[in-house]
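Chain by chain, the residues:
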Amino acid sequence: MSAAGSTQPAASTLASLEDVLQHITTNNNPSVLNHYLKSFAPKEVRDTILASTLSNAEDPLLALDPQENTLGFLYILSARLHSSSAPTPTLAVIENFCSQFDPSQARLAPERMTFLAKGIVRVSESSNNVKYALVSLYNLVTRYPPNLSYLTTLHAIFVKTCVATGHYTTALPILAVPITAVETSLSDLHYNDNLVYHYSGGVALGALKRWRESEEFFETCVSAPAQVPAAIQLEAYKKLVLVQLIQYGHTVSPPKYTHPALPRLLKGSQYGAFVKMYPAQASALRAFVTKEQDAFAKDQNMGLINQAIDRAPVWLIKKLTATYLTLGLTDIGREVGIDSEDEIRAVILSMIDSGELNASISADDTVTFADVVPKFSKETLDRVLVQAQAHNQALQDVERTVNASKDYLTKAMKHKDDAGWGMDEDMFPPGVGSGGSWAEE
């Protein structure tokens, strides 16, 4: 019987690493080879064999080509990275594989790719060498999936590592591509991978002060469906409301499908009390934060808290524009809680420069408010148009994928004759029915 069809050998006939290497170099069928590598020995000793050296003490990886022998290289390298007794592969070997592996072979062993990525992180942490992880993980996450719109376990591992090492900008090329596809045959995804990816992405974008994008990532994490909310979702919600205070001066209700326990938990916490009193004078906010500092520090949210406090005068001033047409600098300072006229003048001028406030300051220090007039440059409009077209194309791609899905078609046919079955009006935008189509430009 062939190796692919054989059962696991008994302990007395365990395959040696030489046997494994021979299969890797002589088997031209990747699927058969992958089956062999997953079953040539009992699970508890399989990785021990893979992590060992040849009988002549040579490194088996030196006999393999990362591209031609991707599966074999992957199994041996990942086992070595998790072994406490085998010599750690060099950085050059790791990076060489990650930049040259054959994606079509690697996709036959998604769980092994996850194992490899975790091993790379493990080695980088033990050696305090960030290069071990970031360059290699970036190559894995950009080369393994058909494109970056497919969520994989590698996304979560990579972005989490970027956050842990403070390399936030390194994650931007990955975070810039919206996730529109989830394929469990491509990656051994679990529910928590989605949460970790979007939570870590929100942290990275928040650290770069890209508030709108950070809000979107945190909201995706918070609103992920669950019978019982995960702890990371509550942590994301805490950061989400702080990002919204910084960006809008108030919080925004979460999507309706958010688990109802999360808003209740937040409302009864220190964050709920902070949101309720915001915006207020900085002195009052700081007094409250000092009192509850242990809780905020434990959540590692003091940075966002301080930025929200720094933004409070901006939102207090904007509230004044709803009531007054003119107001003196001294009066504004009194309302905002800033005694120095020079300081309050600097805040107002900064708001004017950033487009947050339409106002003028006269020679007698009187501030005259006016409605903010939105200004859009041609470059801005062109960029928004390109983004809209890209999103439209992404949605069309998702629709084609769903319509071709066997599960979707099976359900559709099953319920076709049910009473009341028909096209859901919400499936189409206004003016577009089941027989309509987008107008061609």
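Everything numeric in this text was worked out from a predicted model, so none of it was measured.

Thresholds applied
Residues numbered from 1 in each chain as written. Predicted model: local features only at pLDDT ≥ 70, side-chain atom pairs only at ≥ 80, totals over all residues. Heavy atoms only, no water. pLDDT = per-residue confidence, 0-100. Contact = heavy atoms within 4.5 Å. Core = buried A, V, L, I, M, F, W, Y, C linked by side-chain atoms within 4.5 Å. Buried < 20%, exposed > 50% of the residue type's maximum accessible area, 1.4 Å probe, protein only. Helix = DSSP H or I, 4+ residues; strand = E, 2+ residues; numbered from the N terminus. Pairing = 2+ DSSP bridges. Axes fitted to C-alpha atoms, helices over the stretch in contact; angles between N-to-C directions. Salt bridge = Lys/Arg side-chain N within 4 Å of Asp/Glu carboxyl O. Polar contact = N/O pair within 3.5 Å; in protein donor to acceptor, adjacent residues only side chain to side chain.

A. Broad picture of the confidence of the model for the protein chain. Confidence in the prediction for the protein chain averages 87 pLDDT; 89% of positions are at 70 or higher. Within the model, the stretch residues 1–12 combines pLDDT values under 50 with 13 contacts to residues more than four positions away or in other chains.

B. Molecular detail of the nonpolar core. Membership of the largest hydrophobic core comes to 115 residues, with the highest contact counts inside it found for Leu140, Phe274 and Ile332. Tallying contributions element by element places helix 18 (residues 302–320) first for this core, with 11 residues. With near-sequence residues (within four places) excluded, Leu140 lies in contact with Cys98, Phe101, Met113, Leu116, Ala117, Ile120, Pro145 and Leu154.

C. Summary view of the environment of Tyr138. Along the chain, Tyr138 falls in helix 8 (residues 130–143). When the C-alpha atoms of Tyr138 and Cys98 are compared, they prove to be 8.6 Å apart, with 40 residues separating the residues in sequence. Not counting residues up to four positions away in its chain, the partners in contact with Tyr138 are Phe158, Thr170, Pro173 and Ile174.

D. Broad picture of the environment of Val121. Note on placement: Val121 falls in helix 7 (residues 110–127). The spacing of Val121 and Leu81 is 40 residues in sequence and 9.2 Å in space, taken between C-alpha atoms.

E. The sheet that holds strand 5 (residues 366–370), seen in detail. Across the sheet, which stays open at both edges, the 3 strands sit in the order 3-5-4 with antiparallel pairing between neighbours. At either end of the open sheet lies a strand with only one pairing partner, and these are strand 3 (326–328) and strand 4 (358–361). Taken over all neighbouring pairs, the strand axes of this sheet differ in orientation by 25° on average, direction set aside. The pairing of strand 4 with strand 5 spans 4 bridges and is classified as antiparallel.

F. Geometry of the pattern of salt bridges. Enumeration over the complete set of coordinates arrives at 10 salt bridges. Where Lys238 meets Glu235, a salt bridge forms, and the shortest distance between an N and an O atom there is 3.2 Å. Residue Lys238 and its partner Glu235 are both found in helix 13 (residues 231–248); the two are separated by 3 residues, about one turn of the helix. Lys238 sits in the buried class, given a relative accessible area of 11%. Among the salt bridges present, the one from Glu356 reaches Arg311, with a minimum N-O distance of 2.7 Å. With Glu356 in the loop between helix 20 (341–354) and strand 4 and Arg311 in helix 18, this pair connects stretches of sequence that are 45 residues apart. Here the residues in one salt-bridge network are Glu235, Lys238 and Asp299, joined through shared partners.

G. Up close: helix 2 (residues 30–39). Along helix 2, the positions that sit buried rather than exposed are Leu33, Asn34, Tyr36, Leu37 and Ser39. Elements in contact with the buried residues of helix 2: helix 1 (17–26), helix 3 (43–50) and helix 4 (70–81). Put simply, Asn29 is the residue that caps the front of helix 2, since its side-chain oxygen is 3.1 Å from the backbone nitrogen of Ser31.

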